[in-house]
Amino acid sequence: MNEFLTHYAFLIIPIVKIAILVFIVLTVDAYLTWIERKVIAHIQARWGPHRVGPHGLLQPLADGVKFIFKEDPLPASVDKVAYFLAPFITLMLALTSLAVIPFGPQHFTVFGYETGISIAEVNISLLVLFAITALSVYGVALAGWASNSKYSLLGGLRSSAQMVSYELALTLSVVGVLLIAGDFSLRTIVVQQGVKGNGLLSWNIFPQIIGFICFFIAAIAETNRVPFDLPEAESELVAGFHTEYASMKFAMFFIAEYTSMITVSCLATILFFGGWLSPFPASWAFTQYLPSVLLIPFGLWVIFDGIRYENLFGRMVLPVVGAVMAAIGFGLIVFPVVNDAIQGIFWFLAKVFTFLFVYIWMRGTLPRFRYDQLMSFGWKFLLPVSIANVVLTSVVILWRMH
Amino acid sequence: MTAPLVIFFVLAAVAVFGAISLIVQKHPIHSALSLILVMVALAGLYLLMGAEFVAAVQIIVYGGAIMVLFIFVIMLLNAGEEERTNFSKLAMYAGVPLAVAMTGLIAAAIVGSNAAMPARAPETLTSTRQLSTLLFQEFVYPFELTSFLILVAILGAIVLAQREN
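What you see is a predicted model, and the numbers here were worked out from it, not measured in a lab.

Student: I tried to follow the overall build of chain A on my own but got confused; where do I start?
Tutor: Counting its regular elements, chain A contains 16 helices and 2 strands. Along the first, second and third principal axes, the C-alpha atoms of chain A reach 70 × 65 × 55 Å. The buried share of chain A, taken over its 402 residues, is 49%. Of all intrachain contacts in chain A linking residues separated by at least 6 positions in sequence, the fraction that spans at least 24 positions is 79%. Total accessible area computed for chain A in this model is approximately 19,500 Å², and 74% of it derives from carbon and sulfur atoms. With 22 positive and 22 negative side-chain charges, chain A shows a separation of 7 Å between the mean positions of the two kinds.

Right under this line is the structure:
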């Protein structure tokens, strides 16, 4: 058995890692919908999901069950191949793009096979990501075309035009980072931001603030989120490209959208915000207790909130959840080895969730673009600014060289 | 059979299947989708040869940009299924023998070549840094000439579009 594992480790370990990552990502996707509904509800002075489980925490589960058991009608005279292919392409590409993201600094050896906290370490990982993004237009475009409905067709057309336009700005906006790093590998880009060791100040965001703004705007447009969600503008197009999709096929579009939000947040974190690096200088050793300092009070607050919750189920579940969180917090202080090991992942996830919160915050705040505004903004503002950023960065780098 | 050889045959089969499907399909969108399949399979073949950069560019430029434009235009014009016409006499008497001759020629060339094909591109070409040095120093004039050609084509397209108004 052990010999078998050692021999086929190159095959087995990636498969196990893929299974773990897909499980985590799908769970995060589900809870992202809960967070989104809660945050938007509170922005609009509502309660949000509140019925299923304490604070509506089991709502994603109920949604999942509903998606599986709903009827899945096939609209009349659709193009069957493309109609079935579209949600699969969309979800597959969204999940594939996560494969090249490095989530943490560690390398470890299992059964004589060295591996890191990512599925694939490619030395052109950024290009691979852009290649997958380039293909993801097809899912939406095909869904719109195959549904045999004018709303879907308009949504699909809008989306392909929008994604093609903003892909240029997206690609050009990261060229500045590439010029600074001199490498396509996401791991190298992160490592280079930590070379100077003065934390926050050596991240790429400071020399590349223009690049970051262009990148983030273009990335929101690529993921079809508010204020760029014209492909599914419900006031004009019912639901855009996924009007004719129901049940699990609709859920696949939904999961793909949230997964690409996660990918884009990871990418913004890696390229501009130092990936898994701590924002504090290396000499501030006490900041490594931050995860515990955050977890313990939050756990205690959940216990305090739980014991006076309105129904019995919540009074039983919430204190246990809070106690587990506080215990993990104390455990991290007691076992410094574990605490050191999770530092990278803690900072990475903290940054990614900040970006995801900004995504949701914008959805609660900003109105949608008009279509001509969208196009003129992309071509006449975003593209020239990102080209100017490339020229500016190259000039500064040349200046420093001489 | 070694693993790279298996992957090569799978990718080659996918590429050939896509290419045949491209011709046989009646609907333009299905043909375009088959062409995308060919592009992605070719990118996989480049990857197998160790040319990672070329593979990524193949997908970004051909699979992404160009084919999206194809699909976009087909969707915009809402092109329907094409009708089959009678088999052309010229294709019958000139096309089929020519196709057979071409296949035979290529097969003969492959069988006749004694030297084993290098499985990987030389290491110097795989690095993106070296590729760009080559492109912007040794081949800078052809490169600039190509971009000038593309610029002319863009200007031509704008002129053609403006003439209608």
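Having seen the model, we can carry on.
Student: Whenever I open this one, the interface of chain B and chain A confuses me. Can you help?
Tutor: Quite often, the size of an interface is put as the accessible area lost when its parts meet. Opposite the 22 residues of chain B that make contact, chain A presents 21 residues. For the pair chain B and chain A, the summed buried surface comes to about 1,900 Å²; carbon and sulfur atoms form 79% of the total. Where chain B meets chain A, there are 0 salt bridges. The tally of links between chain B and chain A comes to 2 residue pairs in polar contact (both at pLDDT 80 or more). Taken together, the elements giving at least two residues each to the side of chain B that touches chain A come down to α2 (28-48), α3 (52-77) and α6 (128-138) of chain B. If one sorts the elements of the side of chain B that touches chain A by residue count, α3(B) sits on top with 13 residues. A per-class count over the side of chain B that touches chain A returns 14 nonpolar, 6 polar and 2 charged.

Student: What is the right way to look at the confidence of the model for chain B in this model?
Tutor: Any residue range with low pLDDT should be treated as having predicted coordinates unsuitable for detailed reading. All names here are of chain B. For chain B, the mean per-residue pLDDT works out to 82, and 88% of the residues sit at or above 70. The least confident element of chain B is helix α5 (residues 123-126), whose mean pLDDT is 52; the most confident is helix α7 (residues 140-163), at 89. Overall fold confidence (pTM) sits at 0.84, and the ipTM for the predicted complex is 0.76.

Student: Can you help me understand the domain arrangement of chain B in this one?
Tutor: The domains assigned to chain B are domain 1 (1-80) and domain 2 (127-165). For domain 1 of chain B and domain 2 of chain B, the distance between their C-alpha centres works out to 24 Å.

Student: So what exactly am I meant to see when it comes to unusual backbone geometry here?
Tutor: Leave glycine aside and you will find that most residues have negative phi; peptide bonds, for their part, are mostly trans. Residue and element names in this part refer to chain A. We note that A45 has phi near 55 degrees; this positive angle belongs to a residue other than glycine. With respect to the helices and strands, A45 occurs in the loop between α2 (9-43) and α3 (59-69). The backbone of N224 sits at a positive phi, close to 60 degrees, despite the residue not being glycine. Inspection of the secondary structure puts N224 in the loop between α10 (209-222) and α11 (234-237).

Student: Just to check I follow, could you spell out α3(B) for this structure?
Tutor: Working note: α-helix, 3.6 residues per turn, so residues spaced by three or four point in the same direction. Residue and element names in this part refer to chain B. Across its 26 residues, α3 extends 36 Å between first and last C-alpha, which sits within 8% of the 38 Å expected from 1.5 Å per residue. Where α3 bends most, the angle comes to about 35 degrees, and this point is M67. Buried residues of α3: A55, A56, Q58, I59, G63, G64, M67, V68, I71, I74 and M75, and no others. Following α3 by one or two positions, N78 adopts a phi angle in the positive range, close to 50 degrees.

Student: In this structure, what is going on with empty space enclosed by the protein? I would like to understand it.
Tutor: If you roll a probe as big as a water molecule over the atoms, it shows you where there is empty space left. All names here are of chain A. Enumeration according to the criterion identifies 2 cavities of 30 Å³ or more in this entry. A volume near 420 Å³ is recorded for the largest cavity. Along its surface, the largest cavity is lined by 26 residues, and S136, M163, E222, T223 and S260 are the ones closest to its centre. Elements with a minimum of two residues in the lining of the largest cavity: α4 (80-96), α5 (125-135), α7 (150-173), α10 and α12 (247-272). By residue number, the principal contributor to the lining of the largest cavity is α12, which donates 7 residues. Of the residues in the lining of the largest cavity, the class split is 15 nonpolar, 8 polar and 3 charged. Of the pockets and cavities examined, the second largest cavity occupies roughly 40 Å³. Taken together, V100, P102, A120, E121, V122, S125, S185, L186 and R187 form the lining of the second largest cavity. The residue inventory of the lining of the second largest cavity, partitioned by class, reads 5 nonpolar, 2 polar and 2 charged.

Student: Honestly, the nonpolar core in this entry has me stumped. Any pointers?
Tutor: Buried together is how nonpolar side chains tend to be arranged in soluble globular proteins. Grouped together as the largest cluster of nonpolar side chains are 61 residues, with contacts concentrated most on F215(A) and L271(A). Look past the residues within four positions of L271(A) in its chain and what remains in contact with it is L126(A), V174(A), V177(A), L186(A), I189(A), Q193(A), N204(A) and F215(A). Residues Y83(A), A86(A), A55(B) and I74(B) belong to the second largest nonpolar core, which totals 37 residues.

Student: Hey, could you run me through the pattern of salt bridges in this one?
Tutor: Opposite charge on two side chains allows them to pair when their charged atoms are near. All names here are of chain A. This structure, assessed with the given rule, holds 6 salt bridges over all chains. A salt bridge links R225 to E257, with the nearest nitrogen and oxygen atoms 3.1 Å apart. Taken as a pair, R225 in the loop between α10 and α11 and E257 in helix α12 lie far apart in primary sequence, 32 residues in all. The pair R225 / E257 is uniform in exposure class, with both members buried.

Student: Explain the packing of α10(A) against helix α16 (residues 371-401) of chain A here, please?
Tutor: Angle between the axes and distance between the axes: these two values describe a pair of packed helices. All names here are of chain A. Direction vectors running N to C along α10 and α16 enclose 145 degrees, while the axes themselves pass 9 Å from each other. Crossing geometry of α10 relative to α16 is assigned as left-handed. Side by side, α10 and α16 meet where I210, G211, C214, I217 and A218 of the first sit next to F377, L382, V385, S386, N389 and L392 of the second. Residues belonging to the contact of α10 with α16 are distributed by class as follows: 8 nonpolar, 3 polar and no charged.

Student: Just checking my understanding: could you explain the packing of α5(A) against α3(B) for this structure?
Tutor: The interhelical angle for the contact between α5(A) and α3(B), taken along N-to-C directions, is 20 degrees, at an axis separation of 8 Å. The angle between α5(A) and α3(B) falls in the class roughly parallel. As α5(A) packs across α3(B), the resulting crossing turns out to be left-handed. Each of L127(A), F130(A), A131(A), A134(A) and L135(A) in α5(A) lies in contact with α3(B), whose residues at this interface are F53(B), A56(B), I59(B), I60(B), G63(B), G64(B) and V68(B). By residue class, the composition of the contact of α5(A) with α3(B) is 10 nonpolar, 2 polar and no charged.

Student: Just to check I follow, could you spell out the side chain of S173(A) for this structure?
Tutor: All names here are of chain A. Here S173 is to be found in helix α7. Judged by relative accessible area, S173 falls into the buried class, the value being 0%. Polar side-chain contacts of S173 include one of 2.8 Å to the backbone oxygen of L170. Those residues in contact with S173 that sit more than four places away from it in its chain are G211, C214, F215, F272, S386 and N389.

Each value, and the rule that gives it
Residues numbered from 1 in each chain as written. Chains lettered and ligands numbered in written order. Predicted model: local features only at pLDDT ≥ 70, side-chain atom pairs only at ≥ 80, totals over all residues. Heavy atoms only, no water. Helix = DSSP H or I, 4+ residues; strand = E, 2+ residues; numbered from the N terminus. Buried < 20%, exposed > 50% of the residue type's maximum accessible area, 1.4 Å probe, protein only. Contact = heavy atoms within 4.5 Å. Areas by Shrake-Rupley, 256 points an atom, 1.4 Å probe, with all protein chains shown as cover. Lys, Arg positive; Asp, Glu negative; His and termini not counted. Charge placed at Lys NZ, Arg CZ, Asp CG, Glu CD. Buried area = accessible area lost by both parts, 1.4 Å probe. Salt bridge = Lys/Arg side-chain N within 4 Å of Asp/Glu carboxyl O. Polar contact = N/O pair within 3.5 Å; in protein donor to acceptor, adjacent residues only side chain to side chain. Nonpolar A, V, L, I, M, F, W, Y, C, P; charged D, E, K, R; others polar. pLDDT = per-residue confidence, 0-100. Domains from an automatic or database assignment. Expected span 1.5 Å × (residues − 1). Bend = angle between axes of the 7 residues up to and from the residue. 1 Å grid on protein atoms, 1.4 Å probe; cavity = no way out; pocket = protein on both sides within 12 Å on 5 of 7 lines; lining within 4 Å. Points joined across faces, edges and corners; volume = space filled by probe spheres on them. Core = buried A, V, L, I, M, F, W, Y, C linked by side-chain atoms within 4.5 Å. Axes fitted to C-alpha atoms, helices over the stretch in contact; angles between N-to-C directions. Left-handed = near helix turned anticlockwise from the far one by under 90°. Parallel < 35°, antiparallel > 145°, perpendicular 65-115°, else oblique.

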